[in-house]
There are 4 protein chains.
Amino acid sequence: MKMKSVIIGVMGGGSAGAEDLENARELGRGIAKQGWILLNGGRNSGIMDASAQGAFEEGGMTVGILPDDHADRVSDYIRIPVLTGMGSARNAINVLSAHIIVACPGGCGTVSEIALALKSRCPVILFRFDAGNIFDSYAQHGLLFREESVDAVLERIRKTVSVV
Amino acid sequence: MKMKSVIIGVMGGGSAGAEDLENARELGRGIAKQGWILLNGGRNSGIMDASAQGAFEEGGMTVGILPDDHADRVSDYIRIPVLTGMGSARNAINVLSAHIIVACPGGCGTVSEIALALKSRCPVILFRFDAGNIFDSYAQHGLLFREESVDAVLERIRKTVSVV
Amino acid sequence: MKMKSVIIGVMGGGSAGAEDLENARELGRGIAKQGWILLNGGRNSGIMDASAQGAFEEGGMTVGILPDDHADRVSDYIRIPVLTGMGSARNAINVLSAHIIVACPGGCGTVSEIALALKSRCPVILFRFDAGNIFDSYAQHGLLFREESVDAVLERIRKTVSVV
Amino acid sequence: MKMKSVIIGVMGGGSAGAEDLENARELGRGIAKQGWILLNGGRNSGIMDASAQGAFEEGGMTVGILPDDHADRVSDYIRIPVLTGMGSARNAINVLSAHIIVACPGGCGTVSEIALALKSRCPVILFRFDAGNIFDSYAQHGLLFREESVDAVLERIRKTVSVV
């Protein structure tokens, strides 16, 4: 695969607690500082908005893959909104387009993205997100990681994407 | 919602053990005997093929929502193959189109369908499928059930779909 | 390709004149009498509703591939509504799933379906629909036909599908 | 609609003549010089590759919405490849995401994109592409334009997008 652009998918809930939002913002800043592209679901709420804000404010590129067919709910921090008009079917696009997925705390949408990513053998980092034990077999195959800090997530991305 | 047709989504792995396949076949027969429509992923393997076979041999209607853009891998027991050409994005169609989902043992594809179903508030029955504890909160809201026999699954469908 | 089920896609406008609606109804009846499956966009308006009505009243099988993620606008004459939640992206599913497309008078949605069908080499019959000269080269390759009566359309389907 | 980013969709054939390719390259350069984002189908052939090349070499941003689920056929000039894995269903995303579509010479894929764009009321410029008379009514409603030079296309974009 050509690696001119490294695309990091950041997934997580449409609503989230203050600490998770701050972590997402810091993660977005870290992604931008590396020159990587941040890709997420693009809406103006929760982890999507916070991670985009961090990357945007650091001057980074932010791409949003929206479920909607209109721009009413696009985050102000998304430079390139891709309007799919496909609802949750767009989750499949998120995981195909990213070189690695960081899953922040979220609900069923986020779980579906973890599952679709692993199915298509895209590596996933669980960042302070407890996904139970359902995906444990993937950890043994080097596709699923758990990290507790932004620095550890960034280090894991560096190691993983370079060998993909 | 109009309820002229009751559509039961049966999800599960593209490969499965002998007991799970026999359960899927029996479930398909039970669905057909009720006059319900069986909808699944449509391929000629695993739970998809087995559940379609059971329903088909009982004279029931079987609809397959295929990931492929061609008919090479359609189950012989699918009367109406819908070719989406969309890969795993078609999982979103499965859960939107069914009135209830029965999740037989499977992998990440099945987990993504459970997650997408619950997100869109479609009830899910876990039929001998251990999905860990990740979806437990939905059990408390009457959207997630666990059953251990075909009879119990059919009874749960009857109760749940009539009140949806 | 397995040909257990023959699926006829009937496309056309969400609104239409009285004569076009009557033609669509008659076409639906003819399709059902042949034992073929009618597949269309599934909504309760225009050519979709009329063609489904004709087939339904004759006891035929009718499948609707809906753009919506809910059942509010499903035609009463659709036995199997497939809810895609994908808007016009579902047009691609219509043409992949049908063995042949009959294009009744319609607007840009119908034109997009003719174009997508021909691109994937699915035969198209223009039934009293003037699509200009833009698709003429396909007529020379045996993929595009023009017919003026329901009987001629049915005869053309018989000839074309048997050799596909 | 927020207009921080102006996204120009450039559609056209996967293969094209030398003059059409040179026009697409020049159009890409012009789009980049304006600071607009170029969005196309993303593959390494025809109008897609040529228009991306023009924009890329001018330092512009290029986004490709690929039909594929892998990166094997991505143009070298696409900075952000979005892999949909959805085949021609991704045409619907192209037209929803762009503020205006420029249709260069192409085949049925391009015709489907023109039709889908007009259906969703996205303006379309036919750039040396003869689409017959099928879309003429949209010209009267200020949604369809015909232009013969890159300069005229760029001027038309400026006028049209500022009033959308």
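Preceding this section is the structure that the text describes.
Conventions we followed
Residues numbered from 1 in each chain as written. Chains lettered and ligands numbered in written order. Predicted model: local features only at pLDDT ≥ 70, side-chain atom pairs only at ≥ 80, totals over all residues. Heavy atoms only, no water. Contact = heavy atoms within 4.5 Å. Buried area = accessible area lost by both parts, 1.4 Å probe. Salt bridge = Lys/Arg side-chain N within 4 Å of Asp/Glu carboxyl O. Polar contact = N/O pair within 3.5 Å; in protein donor to acceptor, adjacent residues only side chain to side chain. Helix = DSSP H or I, 4+ residues; strand = E, 2+ residues; numbered from the N terminus. Expected span 1.5 Å × (residues − 1). Buried < 20%, exposed > 50% of the residue type's maximum accessible area, 1.4 Å probe, protein only. Least-squares fit on C-alpha atoms with pLDDT ≥ 70 in both. Core = buried A, V, L, I, M, F, W, Y, C linked by side-chain atoms within 4.5 Å. Pairing = 2+ DSSP bridges. Axes fitted to C-alpha atoms, helices over the stretch in contact; angles between N-to-C directions. Parallel < 35°, antiparallel > 145°, perpendicular 65-115°, else oblique. Left-handed = near helix turned anticlockwise from the far one by under 90°. Nonpolar A, V, L, I, M, F, W, Y, C, P; charged D, E, K, R; others polar. Phe/Tyr/Trp six-rings, centres within 6.5 Å; stacked < 30°, edge-to-face > 60°. Lys NZ or Arg CZ within 6 Å of the ring centre and 35° of its normal.

Caption draft 1: Region of interest: the interface of chain B and chain A. Contact with chain B, which involves 18 residues of that partner, is made by 18 residues of chain A. Carbon and sulfur atoms supply 80% of the area that chain B and chain A bury against each other, a total of about 1500 Å² over both sides. Where chain B packs against chain A, one counts 0 salt bridges. Summed over the shared surface of chain B and chain A, the number is 0 residue pairs in polar contact (both at pLDDT 80 or more).

Caption draft 2: Up close: helix α1 (residues 18-33) of chain B. All names here are of chain B. With 16 residues, α1 extends 23 Å between its outermost C-alpha atoms, agreeing within 8% with the 22 Å of an ideal straight helix rising 1.5 Å per residue. For α1, every residue scored as buried is listed here: Leu21, Asn23, Ala24, Leu27, Gly28, Gly30, Ile31 and Ala32. Immediately downstream of α1, the backbone of glycine 35 shows phi near 80 degrees, a positive value.

Caption draft 3: Spotlight on the relation of the copies chain B and chain A. Superposing chain B onto chain A takes a rotation of 180 degrees combined with a translation of 0.0 Å along the rotation axis, leaving an RMSD of 0.0 Å. The symmetry that links the two subunits is that of a two-fold axis. Minimal C-alpha distance to the rotation axis in chain B is attained by B:Ser112, lying at 2.1 Å. With an isologous cut-off of 70% or more, the 100% of interface residues of chain B that recur at the interface of chain A puts this contact in the isologous class.

Caption draft 4: Broad picture of the nonpolar core. Residues A:Phe135, B:Phe135, C:Phe135 and D:Phe135 are the most contacted members of the largest nonpolar core, which totals 136 residues. Those residues in contact with B:Phe135, other than ones at most four positions away along the chain, are A:Cys108, A:Val111, B:Val111, B:Ile114, B:Ala115, B:Leu118 and B:Leu144.

Caption draft 5: Inspection of the sheet that holds strand β2 (residues 37-40) of chain A at higher detail. Residues and elements named next belong to chain A. The sheet built from 7 strands is open, its strands ordered β4-β3-β2-β1-β5-β6-β7 with parallel pairing. With partners counted over all chains shown, the strands left at the sheet margins are β4 (80-83) and β7 (144-147), one partner each. The average undirected angle you get between the axes of adjacent strands in this sheet is 25 degrees. Bridge count between strand β5 (residues 100-103) and strand β6 (residues 124-127): 3 bridges; the pairing is parallel. Each bridged residue has a counterpart across the sheet, and for valine 102 the counterpart in β6 is isoleucine 125.

Caption draft 6: Inspection of the pattern of salt bridges at higher detail. Enumeration over the complete set of coordinates arrives at 28 salt bridges over all chains. Measuring nitrogen to oxygen at the nearest pair gives 2.6 Å for the salt bridge that ties C:Asp68 to C:Arg43. Here C:Asp68 is found in the loop between β3 (62-66) and β4 (80-83), whereas its partner C:Arg43 is found in the loop between β2 (37-40) and α2 (46-57), with 25 residues between them in sequence. With a relative accessible area of 10%, C:Asp68 lands in the buried category. For C:Asp136, the salt bridge goes to C:Arg146, with nearest N and O atoms at 3.0 Å. Of this pair, C:Asp136 sits in helix α5 (residues 136-140) while C:Arg146 sits in strand β7 (residues 144-147), placing them 10 residues apart in sequence. What emerges from the salt-bridge pattern is a single network uniting A:Glu22, A:Arg25 and A:Arg29.

Caption draft 7: View of the packing of helix α4 (residues 108-119) of chain C against helix α4 (residues 108-119) of chain D. Direction vectors running N to C along α4(C) and α4(D) enclose 160 degrees, while the axes themselves pass 8 Å from each other. The orientation of α4(C) with respect to α4(D), classified from their angle, is roughly antiparallel. Handedness of the α4(C)/α4(D) crossing: left-handed. Of the residues in α4(D), those in contact with C:Cys108, C:Gly109, C:Val111, C:Ser112, C:Ala115, C:Leu116, C:Leu118 and C:Lys119 of α4(C) are D:Cys108, D:Gly109, D:Val111, D:Ser112, D:Ala115, D:Leu116, D:Leu118 and D:Lys119. When its residues are assigned to classes, the contact of α4(C) with α4(D) shows 10 nonpolar, 4 polar and 2 charged.

Caption draft 8: Molecular detail of the sheet that holds strand β4 (residues 80-83) of chain B. All names here are of chain B. Strand order in the open sheet made by the 7 strands is β4-β3-β2-β1-β5-β6-β7, with parallel pairing throughout. The open sheet terminates on both sides in strands that have one partner only, identified here as β4 and β7 (144-147). On average, each strand axis in the sheet is tilted by 25 degrees relative to the strand beside it, whichever way the strands run. Pairing geometry for strand β1 (residues 7-11) and strand β2 (residues 37-40), over 3 bridges, is parallel. In the sheet register, glycine 9 faces β2, and the bridge partner there is leucine 39.

Caption draft 9: Quick peek at the interface of chain B and chain C. On the chain C side, the residues contacting the 29 residues of chain B number 29 residues. Across the chain B-chain C interface, the total number found is 0 salt bridges. The tally of links from chain B across to chain C stands at 4 residue pairs in polar contact (both at pLDDT 80 or more). Looking at the side of chain B that touches chain C element by element, the count peaks at 4 residues for β4(B).

Caption draft 10: The packing of aromatic side chains, seen in detail. Taken as a whole and assessed by the stated rule, the structure comprises 4 aromatic pairs over all chains. Arranged with centres 5.7 Å apart and planes meeting at 65 degrees, the rings of B:Phe56 and B:Tyr77 form a pair that is edge-to-face. In this pair, B:Phe56 sits in helix α2 (residues 46-57) while B:Tyr77 sits in the loop between β3 (62-66) and β4, placing the two residues 21 residues apart along the sequence. Of the residues examined, B:Tyr77 reaches a relative accessible area of 22% and is grouped as partly exposed. Above the ring of A:Phe56, the side-chain terminus of A:Arg79 is found at 4.1 Å from the ring centroid.

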